[in-house]
Amino acid sequence: VQLQASGGGLVQPGGSLRLSCAASGSIFSINVMGWYRQAPGKQRELVARIITDGETNYADPVKGRFTISRDAARNTVYLQMNSLKPDDTAVYFCHAILQVRVGPQYAYWGQGTQVTVSS
């Protein structure tokens, strides 16, 4: 199983970016997909996640600015980031909890994608 993230880059404060993450490989079902971020010198933190039934959770600093969505047919999750702030600068990691067969769930991480918000 691989998680391929894309969409990071450099953007000015107030700008927008859209991250994508596609899961591929032998996947039976995906239960949770989401995004974490890690800024220099800080711990990795949850940004947003979406559960199979469509329930979403957001970290307080991004509520009202970021929107997570999912294309279940394509095993892909998106993170639309609007009104970006310098504090949003971090490496963003895609995360999934999934089953490769009926049975236990496993957590997978994608490679990070850099988001830099700067003028």
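(A) Local environment of the side chain of Asp88. Among the structural elements, Asp88 can be located in the loop between β8 (76-81) and β9 (90-99). Residue classification places Asp88 among the buried residues on the basis of a relative accessible area of 1%. A polar atom in the side chain of Asp88 sits 3.0 Å from the side chain of Arg37. Apart from the residues within four sequence positions on either side, Asp88 is in contact with Arg37, Arg65, Phe66, Ser83, Val115 and Val117.

(B) Up close: the packing of aromatic side chains. Inspection of the entire model under this criterion finds 2 aromatic pairs. When the ring of Phe93 is compared with that of Trp109, the centres are 6.5 Å apart and the planes differ by 85°; the resulting orientation is edge-to-face. Taken together, the residues span a long stretch of sequence, with Phe93 in strand β9 and Trp109 in strand β10 (residues 106-109) at a distance of 16 residues. Members of the aromatic cluster, joined through ring pairs, are Tyr36, Phe93 and Trp109. For the cation-ring pair, Arg18 lies above Tyr78, with the distance from its terminal atom to the ring centre recorded as 4.1 Å. The ring of Trp109 carries the charged tip of Arg44 above its face, separated from the ring centre by 4.7 Å.

Definitions and cut-offs
- Residues numbered from 1 in each chain as written.
- Predicted model: local features only at pLDDT ≥ 70, side-chain atom pairs only at ≥ 80, totals over all residues.
- Heavy atoms only, no water.
- Helix = DSSP H or I, 4+ residues; strand = E, 2+ residues; numbered from the N terminus.
- Buried < 20%, exposed > 50% of the residue type's maximum accessible area, 1.4 Å probe, protein only.
- Polar contact = N/O pair within 3.5 Å; in protein donor to acceptor, adjacent residues only side chain to side chain.
- Contact = heavy atoms within 4.5 Å.
- Phe/Tyr/Trp six-rings, centres within 6.5 Å; stacked < 30°, edge-to-face > 60°.
- Lys NZ or Arg CZ within 6 Å of the ring centre and 35° of its normal.

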